[in-house]
Each structure stands twice: as structure tokens, then as C-alpha cells.
Amino acid sequence: MKTLLKILTLGLICLICEPIFAQINAQLKLDFEKIIRSKHSFPFNGVEIVSKNGKTIYEKVHGFKNFEEKIALNKSNQFEIMSNSKLFTSVLILKEVEKGKINLQQSIKTYLPEIT
């Protein structure tokens, strides 16, 4: 009898909590859209993907792949990131410096001995 009561209680809690989580997700989507629509000198052109614990919770595509021909973007379009990867690399290197794994005063050959 106690087991049945526990199962019923757990089921009731799940039924009550599900709409709350749905409201939170709906509010997150509204917040993301509000940020993208905020006043800028130019509109956002790109793909937004927000994930939590490996699951996509928000995804939206804005803008054009080709502005002249008004070809819309889709989530499978590839983007040229150019020098943006340098920013990520520098942040990751500085995080390793904080951990004490990299010393910025040492030669690069210490870490990449193949470089001449």
C-alpha cells in the first residue's frame, strides 16, 4: 500500500511540474528572441542554437545566405569563421595558463617540439 501511495504521489508531482517546465522553456524562448530583436545598427544574420545538457532547447534561423539574391539562411548553411577561432584558442590557452599547465615565458617548442 505504501509503495502504491509513493507511485501515485510521484506521478502527481510529475503532472504538476510538467507545465511549470514548459512555461520556463517558453519564457527562455521569449528571452532569446527579445535579445536578438534588440535595437542594433544592423539586424542579426545567423543561426541561434542554445543547448542544455546536450539537448537543443532553442533553435532559430535569421537572415540571408545571399543578400543580393535574397536567399534565406537555413541551419545547414556553412559559415566562414575567418579569424574568430583565434579568440577561442587564446581563451583556452589562458585557461591552461591559469591551471599552471602552460608557461607563457617558455618557448613554443616546449609544447610543440615538431616546430622548427
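From a predicted model like this one, the values you see are computed outputs, not experimental measurements. (Residues numbered from 1 in each chain as written. Predicted model: local features only at pLDDT ≥ 70, side-chain atom pairs only at ≥ 80, totals over all residues. Heavy atoms only, no water.)

Colleague: Talk me through the pairing of strand S2 (residues 55-62); I want residue IDs and the actual numbers.
Modeller: When strand S1 (residues 46-52) meets S2, the two strands line up antiparallel, connected through seven bridges. The residue bridging Lys-52 from the neighbouring strand is Lys-55, located in S2. (Pairing = 2+ DSSP bridges. Helix = DSSP H or I, 4+ residues; strand = E, 2+ residues; numbered from the N terminus.)

Colleague: Describe the pattern of salt bridges, with residues and values.
Modeller: Following the criterion strictly, the structure yields two salt bridges and no others. For Lys-75, the salt bridge is made with Glu-59, and the minimal N-O distance between the two is 3.0 Å. Within this pair, whereas Lys-75 is found in the loop between strand S4 (71-72) and helix H2 (84-99), its partner Glu-59 is found in strand S2, the two being separated by 16 residues in sequence. Its relative accessible area of 35% is what places Glu-59 among the partly exposed residues. A salt bridge links Glu-96 to Lys-99; the nearest nitrogen and oxygen atoms lie 3.4 Å apart. You can see Glu-96 and its partner Lys-99 sitting in helix H2, three residues apart, about one turn around the helix. Exposure remark for Glu-96: the relative accessible area of 24% places this residue in the partly exposed category. Note on Lys-99: relative accessible area 56%, which makes it exposed. (Salt bridge = Lys/Arg side-chain N within 4 Å of Asp/Glu carboxyl O. Buried < 20%, exposed > 50% of the residue type's maximum accessible area, 1.4 Å probe, protein only.)

Colleague: So what's going on with a nonpolar patch on the surface? Residues and values would help.
Modeller: Taken together, Ile-93, Leu-94 and Leu-104 make up a surface patch of nonpolar side chains, about 270 Å² in accessible area. Structurally, Ile-93 is set in helix H2. (Patch = residues over 30% accessible without salt bridge, like charges linked within 9 Å, V, L, I, M, F, W, Y side chains within 5 Å. Areas by Shrake-Rupley, 256 points an atom, 1.4 Å probe, with all protein chains shown as cover.)

Colleague: I'd like a rundown of H2, residues and numbers included.
Modeller: Between its first and last C-alpha, H2 extends 24 Å over 16 residues, near the 22 Å set by a 1.5 Å rise per residue. Of the residues one or two after H2, Gly-100 is the one with positive phi, at around 85°. (Expected span 1.5 Å × (residues − 1).)

Colleague: Summarise the environment of His-62; cite the residues concerned and give the values.
Modeller: Turning to its location among the elements, His-62 is positioned in strand S2. For the pair formed by His-62 and Leu-73, sequence separation is eleven residues and the distance between their alpha carbons is 6.8 Å. A distance of 2.4 Å separates a polar atom in the side chain of His-62 from a polar atom in the side chain of Glu-48. (Polar contact = N/O pair within 3.5 Å; in protein donor to acceptor, adjacent residues only side chain to side chain.)

Colleague: So what about the packing of aromatic side chains? Which residues, and what values?
Modeller: The way to describe two aromatic rings as a pair is by their centre distance and the angle between their planes. Tallying each qualifying case throughout the model produces one aromatic pair. Ring centres of Phe-64 and Phe-67 lie 5.9 Å apart, and the angle between their planes is 65°; on these two criteria the pair is classed as edge-to-face. Relative accessible area serves as the criterion here: at 46%, Phe-67 is assigned to the partly exposed category. Sitting above the plane of the Phe-64 ring, Lys-70 keeps its charged end 5.1 Å from the centroid. (Phe/Tyr/Trp six-rings, centres within 6.5 Å; stacked < 30°, edge-to-face > 60°. Lys NZ or Arg CZ within 6 Å of the ring centre and 35° of its normal.)

Colleague: Give me unusual backbone geometry: which residues, what numbers.
Modeller: Generally, phi is negative for residues other than glycine and the peptide bonds are trans, each holding for most cases. The phi torsion at Lys-70 lies on the positive side, around 55°, for a residue other than glycine. Of note, Lys-70 is situated in the loop between strand S3 (64-66) and S4. When its relative accessible area of 55% is taken as the criterion, Lys-70 is described as exposed. For Met-82, which is not glycine, the phi torsion reads 50° and is therefore positive. Structurally, the position occupied by Met-82 is in the loop between S4 and H2.

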